[in-house]
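If you want the building blocks of each chain, they are given just below.
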Amino acid sequence: MAGTKTGGSKASRRKARKKKGAIQARRKKEVTYRGYTLEEMLSMPFDEMVSLMPARVRRTFLRGLNEEQRTCFDKLKSAEDKVVRTHRRDIPIIPHFVGKKVAVYNGKEFKEMEIKPEMIGHYLGEFALTRGVVRHSGPGVGATRSSKFLPLK
């Protein structure tokens, strides 16, 4: 057996490689929106930042927010650590909201979420789903013709 080495050396090399890979610190992924970092978007003027947004969001800001939207928008912008509860699902997420906590009403309850950089350009309501998953059980007694004749045990 000229070509074989001891069985433990290959396993030890594999463990060493695995350990070396685990030691490397993971770099935090830099989030960009249409080529701009979050810091760059926060520093640019509001009109320029809005011009980067999708068409529907641009139109929302161009036409202006109504009074209810404006008050919620201002609360979100100035909120520090507290959760802002709102029924307004039609407010676009801008970079100033990143890191804030908001609870959006979905018709039944308030869904709490933290706004992340990936949410920029979307609306608050997109992240508080209004329809849940329906899990049906088996049919009940009398639901079908055959269920009348269930054997009695």
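Here's a quick rundown of the structure. Everything numeric in this text was worked out from a predicted model, so none of it was measured.

In this section: the overall build of the protein chain. What the protein chain contains, in helices and strands, is five helices and five strands. From first element to last, N terminus to C terminus, the protein chain shows the α and β order α-β-β-α-α-α-α-β-β-β. Per-residue burial over the protein chain gives 27% buried out of 153 residues. Roughly 12,200 Å² of accessible area belongs to the protein chain as shown, and the carbon and sulfur atoms make up 53% of that amount.

Another point: the pairing of strand β5 (residues 110–114). The sheet contact formed by strand β4 (residues 101–105) and β5 spans five bridges and is antiparallel. Pairing of V104 across the sheet is with K111, part of β5. Hairpin connection of β4 to β5: four residues between the antiparallel strands, including G107 at a positive phi of 105 degrees.

With 29 residues, the main nonpolar core has F97 and L124 as its most contacted residues. Contributions of two or more residues to this core are made by α2 (38–43), α3 (46–51), α4 (55–63), α5 (67–78) and β4. Looking at this core, the element that brings in the most residues is α5, giving three residues. In this view, F97 contacts F73, L76, K77, I91, P92 and I115; residues no more than four positions away in its chain are not counted.

Thresholds applied
Every chain is numbered on its own, with residues counted from 1 as its sequence reads. Totals for whole chains, interfaces and linings use every residue, but because this is a predicted model, local features are given only for residues with pLDDT of at least 70 and side-chain atom pairs only at 80 or more, for both listing and counting. Just so you know, side-chain values use all the structure's heavy atoms and leave hydrogens and water out. We count a stretch as a helix when DSSP gives it H or I for four or more residues in a row; a strand needs E for two or more, and each element gets its number in order from the N terminus. Partly exposed describes any residue whose relative accessible area lies between the buried limit of under 20% and the exposed limit of over 50%, with all areas from a 1.4 Å probe on protein chains only and scaled to the type maximum. Residue burial considers only the protein chains on display, and all accessible areas are found by Shrake-Rupley using a 1.4 Å probe. Two strands pair if DSSP finds at least two bridges between them. Buried Ala, Val, Leu, Ile, Met, Phe, Trp, Tyr and Cys residues form a nonpolar core when they are joined through side-chain atoms within 4.5 Å. By the convention used here, residues are in contact when the closest approach between their heavy atoms is within 4.5 Å.

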